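One-letter residues, chain by chain:
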Amino acid sequence: MSAVLEVRDLSVRYAGAIALDGVSLTVSAGERVALIGANGAGKTTLVRAVCGLVRPAAGTVTVRGRCAQVPEGREVFGDLTVEDNLRLGGWRNGRRGRDTTAVYALFPALAGLRRRRAGTLSGGQQQMVAIGRALMARPDVLVIDELSLGLAPLAVEEITGHLRALSVALLLIEQNARLALDLCARGYVLESGRVALAGDAAGLAADPRVAAAYLGGHVAVTP
Ligand SMILES: Nc1ncnc2c1ncn2[C@@H]1O[C@H](COP(=O)(O)OP(=O)(O)OP(=O)(O)O)[C@@H](O)[C@H]1O
């Protein structure tokens, strides 16, 4: 399968400090890939580099098609309606994207809220708006930074259920490794700006190093 996102030997420095050090990863068309790591591992820096918001010191980022980002903290436009938030996501060549039908089909909970100000929604509903807004750009790869941050477990479950139905490629940046490795087929573990481990999600979830550092010490044991 061809890679829609290819990060090769990427290094990013902030005022001399190394945030990313030779990171390589790929996301293929339609594939869901997790990027997990502790605080300060470099996850958000990678998102920023993928979106062109920081200049790499070395390495390359190649996006084949369109990439859309769901930023950490969601950042919906609180004073705008749900519908207008979505339409802004489809803005291209000076024209607002108008057909929001597919987003309401994906997140039926938003359909009855389309005229509500986004700032009055729950965190889970705002996350659906942020994902829907990104999808309005019709991306080939969707990058979600901290999907579960500050959300109730039930809201996360609802959103991930809908994400499983998507055919767009996904790079999911998550501190909740259990969630990320459950939703994604493959994953990368970032530690101090480097890829420490990579592989299929089941293998990573069963790896004692991942279990000890990110899964509360629980190691899945198969009979
Ligand atoms: N603007 C900045 N200037 C200087 N250093 C920065 C800047 N942004 C991030 N860093 C540093 O770069 C490293 C990686 O940060 P980054 O935010 O990418 O990590 P992260 O994995 O997303 O962490 P978290 O999960 O806490 O958000 C950290 O050591 C951080 O302190």
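Nothing here was measured: the structure is a model prediction, and the numbers come from that model. (Residues numbered from 1 in each chain as written. Predicted model: local features only at pLDDT ≥ 70, side-chain atom pairs only at ≥ 80, totals over all residues.)

Novice: Any chance you could explain the sheet that holds strand β6 (residues 141–145) here in plain terms?
Specialist: As a general point, the strands of a sheet are linked pairwise by backbone hydrogen bonds and lie either parallel or antiparallel. One open sheet holds the six strands; their spatial order is β5-β6-β7-β3-β8-β9, and the pairing between them is mixed. Pairing within the sheet leaves two strands with one partner each, and these edge strands are β5 (67–70) and β9 (194–200). If you compare each strand with its neighbour and ignore which way they point, the axes differ by 15 degrees on average. Pairing between strand β3 (residues 32–37) and strand β7 (residues 169–174): five bridges, direction parallel. The residue of β7 that forms the bridge with V33 is L171. Running over the sheet, helix α5 (residues 123–135) touches β5 and β6 and is turned about 165 degrees from β5. (Pairing = 2+ DSSP bridges. Helix = DSSP H or I, 4+ residues; strand = E, 2+ residues; numbered from the N terminus. Axes fitted to C-alpha atoms, helices over the stretch in contact; angles between N-to-C directions. Contact = placed C-beta atoms within 7 Å.)

Novice: Please clarify how the site of the ligand should be interpreted in this entry.
Specialist: The full set close to the ligand counts 13 residues, and Y14, N39, K43, T44 and T45 are the nearest of them. Of all elements in the fold, only β2 (17–28) and α1 (43–50) reach the threshold of two or more residues within the shell around the ligand. A total of three residues in the shell around the ligand trace back to one element, the largest contributor, which is α1. Grouping the amino acids of the shell around the ligand by side-chain chemistry returns five nonpolar, seven polar and one charged. (Near = placed C-beta within 6 Å. Nonpolar A, V, L, I, M, F, W, Y, C, P; charged D, E, K, R; others polar.)

Novice: Before we go on, may I ask you to explain the domain arrangement of the chain in this structure?
Specialist: How big an interface is tends to be stated in terms of the accessible area lost upon association of its parts. Per the domain assignment, the segments making up the chain are domain 1 (1–65 + 140–158 + 165–223) and domain 2 (73–139). In this structure, domain 1 and domain 2 have C-alpha centres spaced 24 Å apart. At the level of elements, β6 and α6 (153–163) are the ones that each hand at least two residues to the side of domain 1 that touches domain 2. (Domains from an automatic or database assignment.)

Novice: Help me understand unusual backbone geometry in this model?
Specialist: Outside of glycine, negative phi angles account for most residues, and trans bonds account for most peptide bonds. Phi at D9 takes a positive value of approximately 50 degrees, unusual for a residue other than glycine. Checked against the element boundaries, D9 lands in strand β1 (residues 3–14). One non-glycine residue, S192, lies in the positive phi region at around 45 degrees. Among the structural elements, S192 can be located in the loop between β8 (186–191) and β9.

Novice: Would you take a moment to explain the sheet that holds strand β4 (residues 58–63) for this structure?
Specialist: With respect to topology, three strands assemble into an open sheet ordered β2-β1-β4, the strand pairing being antiparallel. The two strands at the open ends of the sheet, each matched to only one other strand, are β2 and β4. Averaged over all neighbouring strand pairs, the angle between strand axes comes to 15 degrees, with direction disregarded. Where β1 and β2 come together, eight bridges link them in antiparallel fashion. Residue pairing in the sheet places E6 in a bridge with T26 of β2.

Novice: It is not clear to me how the pairing of β1 should be interpreted in this structure. Could you clarify?
Specialist: Along any regular strand, the residues point their side chains to alternate faces of the sheet. The hairpin turn running from β1 into β2, its antiparallel successor, is two residues long, and A15 in that turn takes a positive phi close to 45 degrees. Bridge analysis of β1 against β4 gives five bridges, and the strand direction is antiparallel. Paired with L5 across the strands is V63, a residue of β4.

Novice: Is there a simple way to think about the environment of W91 in this case?
Specialist: Structurally, W91 can be placed in the loop between α2 (82–89) and α3 (101–106). Sequence separation between W91 and A137 is 46 residues, and the spatial gap between their C-alpha atoms is 7.4 Å.

Novice: I tried to follow the packing of α5 against α6 on my own but got confused; where do I start?
Specialist: The packing of two helices is summarised by the inter-axis angle and the distance between the axes. Interaxial distance between α5 and α6 falls to 9 Å at its minimum, and their mutual angle equals 25 degrees. One finds that α5 runs roughly parallel with respect to α6. Two packed elements cross with a definite hand, and for α5 against α6 that hand is right-handed. Contacts between α5 and α6 involve G123, G124, Q127 and M128 on the former and, on the latter, A155, E158 and I159. For the contact of α5 with α6, the residue count by class is three nonpolar, three polar and one charged. (Parallel < 35°, antiparallel > 145°, perpendicular 65-115°, else oblique. Left-handed = near helix turned anticlockwise from the far one by under 90°.)

Novice: In this structure, what is going on with the nonpolar core? I would like to understand it.
Specialist: In globular proteins that are soluble, nonpolar side chains generally tend to be buried together. Ranked by size, the top nonpolar core spans 63 residues in total, and within it V141, L171 and L172 carry the most contacts. The element best represented in this core is α5, accounting for six residues. No fewer than three residues from each of domain 1 (1–65 + 140–158 + 165–223) and domain 2 (73–139) sit in this core. If we skip the residues at most four places from it in the chain, L172 touches R32, A34, L35, I144, L147, A180, L183 and C184. (Core = buried A, V, L, I, M, F, W, Y, C linked by C-beta atoms within 7 Å. Buried ≥ 20, exposed ≤ 12 C-beta atoms within 10 Å, placed from the backbone.)

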